[in-house]
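Here's the letter readout for the chains.
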Amino acid sequence: MHRKPLVWLLLFFILGIALEKVNAEEALTSQDIDTVVVKVTGIKHDYERFGLKEEALVKEISQSLEDAGFSVVDNYDEELTATILINLRLISSYLGYSYALSVKMLLPHYQGRQEPLVLWSGGSSGFLRDPELSRLHDYIMEEIDKFLTSV
């Protein structure tokens, strides 16, 4: 295989990542993003036994965001209303649970884009045994705190 096509492919990949970062920074600095919607996905009804209730979590996250100066709304009408998206995935096994947590701030329709513009992202993954599952709430709130200290 020739190196030239590979170099060009790598260059376009790096350039694409750099442009995405520039767009995110431009969106954050050029627009006063202070209105957000909080969405939580992946929390099933039976996760209440782990101390996770979707409504209570949304309320707690919304309060943290409001304390930091954001205006939290239930749904958005404007293009520049950002979304804080929290996604939790749990996979049960014989020994415990594998989890993957992602927290993102995104603009769903920034400048007519078809894909959302991700302004910030964080998350964690790991393995927990049954008695440790209540830590998931703390992990979610830690990611929200990381977001709030980064903006």
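First, a word on what this report is: a plain description of the structure on this page.

Calculation rules
Residues numbered from 1 in each chain as written. Predicted model: local features only at pLDDT ≥ 70, side-chain atom pairs only at ≥ 80, totals over all residues. Heavy atoms only, no water. Phe/Tyr/Trp six-rings, centres within 6.5 Å; stacked < 30°, edge-to-face > 60°. Helix = DSSP H or I, 4+ residues; strand = E, 2+ residues; numbered from the N terminus. Buried < 20%, exposed > 50% of the residue type's maximum accessible area, 1.4 Å probe, protein only. Pairing = 2+ DSSP bridges. Axes fitted to C-alpha atoms, helices over the stretch in contact; angles between N-to-C directions. Contact = heavy atoms within 4.5 Å. Patch = residues over 30% accessible without salt bridge, like charges linked within 9 Å, V, L, I, M, F, W, Y side chains within 5 Å. Areas by Shrake-Rupley, 256 points an atom, 1.4 Å probe, with all protein chains shown as cover. Salt bridge = Lys/Arg side-chain N within 4 Å of Asp/Glu carboxyl O. Lys, Arg positive; Asp, Glu negative; His and termini not counted. Charge placed at Lys NZ, Arg CZ, Asp CG, Glu CD. Expected span 1.5 Å × (residues − 1). Arc of directions from axis to C-beta. Right-handed = clockwise from strand over helix to strand, strands pointing away.

Before going further, it helps to spend a moment on the packing of aromatic side chains. Under the criterion given, the structure shown has five aromatic pairs. Each ring, one from Trp120 and one from Phe147, has its centre 5.4 Å from the other, and the planes form 65°; the classification is edge-to-face. Within this pair, whereas Trp120 is found in strand β5 (residues 117-128), its partner Phe147 is found in helix α3 (residues 135-150), the two being separated by 27 residues in sequence. Overall, the relative accessible area of 16% leaves Trp120 in the buried class.

In this section: the sheet that holds strand β3 (residues 82-92). One open sheet holds the five strands; their spatial order is β2-β1-β3-β4-β5, and the pairing between them is mixed. The open sheet terminates on both sides in strands that have one partner only, identified here as β2 (71-73) and β5. Recorded for the sheet is a direction-independent mean angle of 20° between the axes of neighbouring strands. Helix α2 (residues 54-67) rests against β1 (35-41), β2 and β3 of the sheet, and its axis sits at about 150° to β1. α3 rests against β3, β4 (97-107) and β5 of the sheet, and its axis sits at about 150° to β5.

What follows covers a negative patch on the surface. A surface patch of negative charge is lined by Glu60, Asp138, Glu142 and Asp145. The greatest single-element share of the negative patch, amounting to three residues, is contributed by α3. Among the structural elements, Asp145 can be located in helix α3. In this structure Asp145 comes out as partly exposed when scored by relative accessible area, which is 43%.

Next up on the list: α2. The terminal C-alpha atoms of α2, which comprises 14 residues, lie 20 Å apart, in line with the 20 Å expected from a rise of 1.5 Å per residue. The complete set of buried residues in α2 reads Leu57, Ile61, Ser62, Ser64 and Leu65. Relative to the axis of α2, the buried residues are bounded by an arc of 160° and lie together on one face. Exposed side of α2, more than 90 degrees from the buried face: Glu55, Lys59 and Asp67 are the residues found there. Tucked inside the fold, the buried residues of α2 contact β1, β2, β3 and α3.

Further remarks concern the pattern of salt bridges. Per the stated rule, a full pass over the model turns up two salt bridges. Notably, a salt bridge pairs Arg49 with Asp46, separated by 3.9 Å at the nearest N-O pair. When its relative accessible area of 41% is taken as the criterion, Asp46 is described as partly exposed. When the shortest N-O distance is used, the salt bridge between Lys146 and Glu143 registers 3.1 Å. Linking Lys146 with Glu143, this pair stays in helix α3, spanning three residues, or about one helical turn. Residue classification places Glu143 among the buried positions, given a relative accessible area of 4%.

Relative to β2, β1 runs parallel, the two being bridged by three bridges. Looking across to β2, one finds that Val36 is bridged to Val72. Running through α2, the crossover from β1 to the neighbouring parallel element β2 is right-handed. When β1 meets β3, the two strands line up parallel, connected through six bridges. Among the inter-strand pairings, Thr41 is bridged to a residue of β3, identified as Asn87.

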